[in-house]
Amino acid sequence: MTLKDSVAKKEVSEEFDMFGDYTIEQKLDKRYGDEKLLMIKTGPSMYGYQRFHKEQLAVEKVIASDKTLKLGIFPFAPIHTPEKVGDYVMLKLITPLVLESQSRVVAYLTMPIEIGVVRSDTGEVNMIDVFSVGLQYYAIYGTPENGLLCRYHLTRISAEMPKAAIYQEAVVKVHFINQTRKVITINRVVFPVVGTNFYVRGAEAYYNDLDMVVSDRLSNTVAGVRFSSVKSGASTEWALSEALLKQQFKFIMEWGL
Amino acid sequence: MVDLTSIFPSKFEFLGAEITPLEILISIAIFAIGVILARVLRMTVLRYVGVHLPEETRRGVNRAVYWGIIILAGLAALSNQGVDFTGALLGAGIFGIIIGFATQSLVANLISGLFMQIDKPMKIGDPVEIVDSNVAGVVTELAAFSTRLRMFDGTYARLPNEKVFTSQIRNFSKNIARRVEFQVSIGYKEDIVQAIAVINKTLYDIPMVLIEPAPNVFVDTLAESGVNINVFAWVPWQHWFHMRQQLVGQIKKQLDAVGVELPYPQRVIWFAEPSKNPLKNA
């Protein structure tokens, strides 16, 4: 299934509350999995925000605004909950990918997301709340002495666009490029995920395409991961969440592929 | 008309050298330029280099640059007056030896402080244990002569750098993760496989227990009262204390939920002769 074919899935996502910008006239009531969000205008320039986790009050805030409040509810980098311990994501492949020498292949993975609630009327990122739907897992990439703490996610690798778990996962397309003269087995993809480079359509999320270039460096085989120059997510039916865009990054996976 | 030369004699003697008012003005100018230069250089170094340095190194560099230039400027200003430092240096050498003997521990602390800046066993904000001094807390200051800690009970501790440098130091934040280790004992009649599965599931459901390196749960010993199971789980170092408190309680709760007995110390007693207790025999 290609991106355009996935329009059919839109019907499915309409059962769910959508990502996007919302203007709060009097009240906003949204549900994302077990999390229920409630924003109520309590006075001329006062709004009350509440989030309920499984019907139990989890977060409560008062927001002062002398103009009509606009909220953005978007997928966010999955690094904030339950507490921020790092900026990286490790996508562990359930089935390793074996890449022939000097070859390239395009495949789809899923990655975890968090949901951020931001004020979208202030012109700058003003985070009100961020939460995860479902459990979070963390792992070390490298060693405890000099490795990186990463949000951990198990994913299948597929040639066609997979169906991601609504509110929990985004789809990410990875261009795997093997520049070495040997067969390479890839078990994981690790990269920093700081911004909100997610495209959204209804309740679905799609991350900026990635390039993973495997090469030999001295006696070690490493992989460079960065945003791909091919932006297949930026089709007309997907909107880019612009709260905190990261332009480019490059991360070298030097502690194993 | 007042004769200025009578007020400001053309030459007078200072520290054995003949100097003129003009030379004094030049010396003052040299020193003033030195002070300005020290301030400018200190700001420049802080702005371009300091931002990349740790807090304690930044402070050291700041002081070294400023006072280094001030001292050089002072020496240059005095040299301009023709002051001969040979005697002063000789005197300073002898004085230094006397002071050195008198302040051996002070110098040892200073040197240890310098070596700690190179060795970097800890930095400000790190939770550490100075094993030999039996002190544990968060580092608040790495000064020239001493290391200051805020102990975990909130009290303040000041340790001479020499003691810190020669002591075994445990830094709890040097590595990104630490292992929580404890033991759970289950009754002999319980299913070991089930108990281990319950413990693993409990660990898996707690986000801050790392998936990689994977938790390790295994039977350690067949003890007097029960089967001892070791639980090793890696967590981010910031969460170690909280996880150590939470995990034991969570595992107990989950084992209770599936009816796994956590035994009290118990002993099976065999009587060599039949008991004389009529109730027992009945």
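Note that the structure is a prediction, hence the values are computed from the model and not measured.

A. Region of the structure containing the overall build of chain B. Summing up its helical and strand segments, chain B has nine helices and ten strands in all. Pairs at least 24 apart in sequence give 63% of the contacts found in chain B among residues at least 6 apart. When the accessible surface of chain B is split by element, carbon and sulfur atoms take 64% of a total near 18,000 Å².

B. Geometry of the environment of Ile36(B). Residues and elements named next belong to chain B. One can find Ile-36 in helix H2 (residues 21–48). For Ile-36, a relative accessible area of 54% puts it in the exposed group. For Ile-36 and Ser-185, which are 149 residues apart along the polypeptide, the C-alpha to C-alpha distance reads 71 Å.

C. A look at helix H5 (residues 104–119) of chain B. Residue and element names in this part refer to chain B. Over its 16 residues, H5 extends 22 Å from the first C-alpha to the last, a length consistent with the 22 Å expected when each residue adds 1.5 Å. Looking only at H5, the buried set comprises Asn-109, Ser-112, Gly-113 and Met-116. Along the axis of H5, the buried positions cluster into a sector of 105°, meaning they face one direction only. Pointing more than 90 degrees away from the buried face of H5 are the exposed residues Gln-104, Leu-114 and Ile-118. The inward-facing, buried residues of H5 contact strand E5 (146–151), strand E6 (156–160) and helix H6 (161–166). Looking one or two places after H5, you find Lys-120, whose phi comes out positive at around 50°.

D. Region of the structure containing the packing of aromatic side chains. Under the defined criterion, the tally for this structure stands at 17 aromatic pairs over all chains. Between Tyr66(B) and Trp67(B) the ring centres are 5.2 Å apart and the planes differ by 85°, which places this aromatic pair in the edge-to-face class. Feature note: the residues Phe19(A), Tyr32(A), Phe131(A) and Tyr167(A) constitute an aromatic cluster, connected by ring pairs. Positioned over the ring face of Tyr66(B) is Arg42(B), at 4.3 Å from the centre of the ring. Above the plane of the ring of Trp240(B) lies Arg178(B), whose end atom (NZ or CZ) is 4.1 Å from the centre.

E. Spotlight on the layout of surface pockets. Residue and element names in this part refer to chain A. For the second largest pocket, the calculated volume is near 310 Å³. Of all elements in the fold, only strand E4 (46–53) and strand E10 (126–131) reach the threshold of two or more residues within the lining of the second largest pocket. A breakdown of the residues in the lining of the second largest pocket according to their chemical character gives five nonpolar, five polar and four charged.

Criteria and thresholds
Residues numbered from 1 in each chain as written. Chains lettered and ligands numbered in written order. Predicted model: local features only at pLDDT ≥ 70, side-chain atom pairs only at ≥ 80, totals over all residues. Heavy atoms only, no water. Helix = DSSP H or I, 4+ residues; strand = E, 2+ residues; numbered from the N terminus. Contact = heavy atoms within 4.5 Å. Areas by Shrake-Rupley, 256 points an atom, 1.4 Å probe, with all protein chains shown as cover. Buried < 20%, exposed > 50% of the residue type's maximum accessible area, 1.4 Å probe, protein only. Expected span 1.5 Å × (residues − 1). Arc of directions from axis to C-beta. Phe/Tyr/Trp six-rings, centres within 6.5 Å; stacked < 30°, edge-to-face > 60°. Lys NZ or Arg CZ within 6 Å of the ring centre and 35° of its normal. 1 Å grid on protein atoms, 1.4 Å probe; cavity = no way out; pocket = protein on both sides within 12 Å on 5 of 7 lines; lining within 4 Å. Points joined across faces, edges and corners; volume = space filled by probe spheres on them. Nonpolar A, V, L, I, M, F, W, Y, C, P; charged D, E, K, R; others polar.

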